[in-house]
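The residues making up each chain are set out below.
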Amino acid sequence: MTATLRTTTHVVVRGYEIDALGHIAHTVYMQYAEHARWERMAAAGLDVQTLLQAGVMPIMMETTLVYRKELRFGDEAEIGCEFEWGTGKTARVSQPIHRGDGVLSAEVTSVAGLLDLSRRKLVEAPIERLRKLATAPELLGI
């Protein structure tokens, strides 16, 4: 039997994430997206220790956040995470955040790269490098 891999990350909005307007603060959306990216990386076999031992680390180079419908205390949310690779050194990361009722709450899109920690430059062939390191590279779109 093959295990089904989760494609979203589930969170419940906590009280300390709420701002004075009664919905989650703008920075929390970014934290949710970051959490979901690391969950996806770990599911692909790329936890922090594995990446550090390989001398690489993913970096975010650009992020756009579009708010759609607010998340409030106690709301459940599902954060997606899809990587789209081109032929260069970067990937586009799409992360829709849906409320538990299915309504789109926010859309986070980013440009990410893979940093060579010793050279402090982007890895020239990130797809090949990640494919060698990952146990489930398909979760990274490669």
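This text goes with the structure placed above it.
Nothing here was measured: the structure is a model prediction, and the numbers come from that model. (Residues numbered from 1 in each chain as written. Predicted model: local features only at pLDDT ≥ 70, side-chain atom pairs only at ≥ 80, totals over all residues. Heavy atoms only, no water.)

**Student:** Could you clarify how one ought to interpret the nonpolar core in this entry?
**Tutor:** Note that soluble globular proteins tend to have their nonpolar side chains buried in a common cluster. Core analysis: the biggest nonpolar cluster contains 21 residues, and Leu46, Phe83, Trp85, Leu130 and Leu140 have the highest contact counts within it. At the level of secondary structure, the elements contributing two or more residues to this core comprise β2 (56–67), β4 (82–85), β5 (90–99), β6 (104–116) and α3 (126–133). Counting 16 residues, the second largest nonpolar core, distinct from the first, contains Val11, Ala25, Ala33 and Ile97. (Core = buried A, V, L, I, M, F, W, Y, C linked by side-chain atoms within 4.5 Å. Buried < 20%, exposed > 50% of the residue type's maximum accessible area, 1.4 Å probe, protein only. Helix = DSSP H or I, 4+ residues; strand = E, 2+ residues; numbered from the N terminus.)

**Student:** Just checking my understanding: could you explain the pattern of salt bridges for this structure?
**Tutor:** Between side chains of opposite charge, pairing is possible as soon as their charged atoms come close. Following the criterion strictly, the structure yields 7 salt bridges and no others. Its salt-bridge partner being Glu124, residue Lys89 comes within 3.3 Å of it at the nearest N-O pair. In this pair, Lys89 is assigned in the loop between β4 and β5 and Glu124 in the loop between β7 (121–122) and α3, connecting sequence segments 35 residues apart. On the basis of relative accessibility, which here comes to 53%, the residue Glu124 falls in the exposed class. (Salt bridge = Lys/Arg side-chain N within 4 Å of Asp/Glu carboxyl O.)

**Student:** Can you help me understand α3 in this one?
**Tutor:** Burial in α3 covers these residues: Pro126, Ile127 and Leu130. End-on, the buried residues of α3 take up no more than an arc of 95 degrees, which puts them together on one face. Where α3 is buried, its residues touch β4 and β6. (Arc of directions from axis to C-beta. Contact = heavy atoms within 4.5 Å.)

**Student:** How should the pairing of β6 be read in this particular structure?
**Tutor:** For a regular strand, side-chain orientation follows a simple rule: the groups alternate between the two sheet faces. Across the 13 residues that make up β6, a large majority, 10, are buried. Two elements, β2 and β6, share 11 bridges in a ladder whose sense is antiparallel. What sits directly across from Ile59, in β6, is Gly113. In this sheet, β6 lies alongside β5 in antiparallel orientation, the contact comprising 9 bridges. Paired with Ser94 across the bridge in β6 is Thr109. Hairpin geometry of β5 and β6 is characterised by an intervening segment of 4 residues between the two adjacent antiparallel strands and by a positive phi of about 90 degrees at Gly102. In terms of strand pairing, β6 meets β7 through 2 bridges, oriented antiparallel. (Pairing = 2+ DSSP bridges.)

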